[in-house]
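So you can see what is in the structure, the chains are spelled out below.
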Amino acid sequence: MPKKIAITTESASDLSQKLQKQYDIHVMPMTVIIGDEEFKDNVDLTTKELFEKSRLYSCVPKTAGISPHEYKLVFETLTEKGFDVVHVALGSKISSCFNNALFASNGFENVFVVDSRSLSAGTALLAIKASRLRESGEKAEEIARRLESERTRISTSFILEDTEFLLRGGRCKSGEKLVADLLSLRPTIDIEDGELVQGKRFRGKGLDAMKKYIEQKLGGSIDRKLCLLNYTSLSEDEVNELASFTKKEGGFESVITQEAGCCIASHCGERCMGIIFSTGESD
């Protein structure tokens, strides 16, 4: 009988409840700190409440990774139930999560920790890939190996309306230049080699700049099976319009929209949007 395999990741992957259930992925909540208060991401606090509290207290939220002890408890629980574990971690150059999970996995022969070298839906895409590999009958060790190859194909980027959260959190290079450009240009952030870097800037207001960003990002060779569209503080009509535009421009079979969780929202601020997909031809 094949060994049972559990796929795990952190809440900063922004996997919706629907996708967690659909792909049977266990999500561990990270911590969000606002003033003197601590909250578990999307457990004690929603993204809407995050922004409300941030405005109320006039402060930018902070985030904290999951401790090695917390990872170990989860790994112990799953392995004691007979599971092998593939943990898809937030990028090691972005967060302490990968190193903490890797440290916690010491002593477990059947726990495999993968550095996604990404965040948000970039990490989510790898977790979904892991789930599909599990369904195809791959063993945990092989799934981890395949993900380390697959991660180089993931395109993760975001366009920002307000860089205040990102800049104050020290998550953006060339922050002073970004702030200087904000009045007339919309900055973007790309993930390159596992790091957050300043991307191109797009002129325009509201959805106009977002659509220009989408057009530019979908100009190369892409896997047209699936695109994840993440956002903060956009209306339902705006999200639907952007999803339809993305699907048409990219020729995607499916575009799934997700509101970013509190951890990612703490760094990208309100009215942020990103499209995340795999490059190259479909498998």
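The paragraphs below set out a description of the structure included in this document. (Residues numbered from 1 in each chain as written. Predicted model: local features only at pLDDT ≥ 70, side-chain atom pairs only at ≥ 80, totals over all residues. Heavy atoms only, no water.)

**Regarding the overall build of the protein**
Part 1 of the argument: In terms of regular secondary structure, the protein is built from eleven helices and 13 strands.
Part 2 of the argument: In summary, the protein has a C-alpha radius of gyration of 18 Å against a globular reference of 19 Å for 283 residues, a match within 12%.
Part 3 of the argument: On the principal axes, the C-alpha backbone points of the protein span a range of 60 × 45 × 30 Å.
Part 4 of the argument: Looking at the protein alone, contacts between residues at least 24 apart form 75% of all its contacts between residues at least 6 apart.
Part 5 of the argument: Total accessible area on the protein is roughly 13,300 Å²; 47% of this is exposed by carbon and sulfur atoms. (Helix = DSSP H or I, 4+ residues; strand = E, 2+ residues; numbered from the N terminus. Rg over C-alpha atoms; globule rule 2.2 N^0.38 Å. Contact = heavy atoms within 4.5 Å. Areas by Shrake-Rupley, 256 points an atom, 1.4 Å probe, with all protein chains shown as cover.)

**Quick look at the sheet that holds strand β10 (residues 195-203)**
Part 1 of the argument: Taken in spatial order, the six strands of this open sheet run β10-β9-β8-β13-β11-β12, and their pairing is mixed. Edge positions in the sheet fall to β10 and β12 (254-259), since each of these pairs with one other strand and no more. Here the strands of the sheet are splayed against their neighbours by 20° on average, with no regard to which way each runs.
Part 2 of the argument: When strand β11 (residues 222-231) meets β12, the two strands line up parallel, connected through six bridges. Each residue of the ladder has a partner; that of leucine 228, found in β12, is isoleucine 256. (Pairing = 2+ DSSP bridges. Axes fitted to C-alpha atoms, helices over the stretch in contact; angles between N-to-C directions.)

**What about the pattern of salt bridges?**
Part 1 of the argument: Taken as a whole and assessed by the stated rule, the structure comprises 13 salt bridges.
Part 2 of the argument: Between glutamate 161 and arginine 186 there is a salt bridge, with the nearest N and O atoms lying 3.7 Å from each other. Of this pair, glutamate 161 sits in the loop between β8 (154-159) and α7 (164-168) while arginine 186 sits in strand β9 (residues 185-192); the two residues are 25 residues apart in sequence, bridging distant segments of the chain.
Part 3 of the argument: We classify arginine 186 as buried; its relative accessible area is 5%.
Part 4 of the argument: For aspartate 190, the salt bridge goes to lysine 217, with nearest N and O atoms at 2.9 Å. One end of the pair, aspartate 190, is in strand β9; the other, lysine 217, is in helix α9 (residues 207-217), with 27 residues separating them in the sequence.
Part 5 of the argument: The class of aspartate 190 is buried, set by a relative accessible area of 10%. (Salt bridge = Lys/Arg side-chain N within 4 Å of Asp/Glu carboxyl O. Buried < 20%, exposed > 50% of the residue type's maximum accessible area, 1.4 Å probe, protein only.)

**Points about the side chain of serine 105**
Part 1 of the argument: For serine 105, the location among the structural elements is in helix α4 (residues 97-105).
Part 2 of the argument: For serine 105, a relative accessible area of 8% gives the class buried.
Part 3 of the argument: The residues touching serine 105, leaving out its near neighbours within four places in the chain, are Phe75, Val111 and Val113.

Fair warning: the whole summary comes from geometry, so function is off the table for now.
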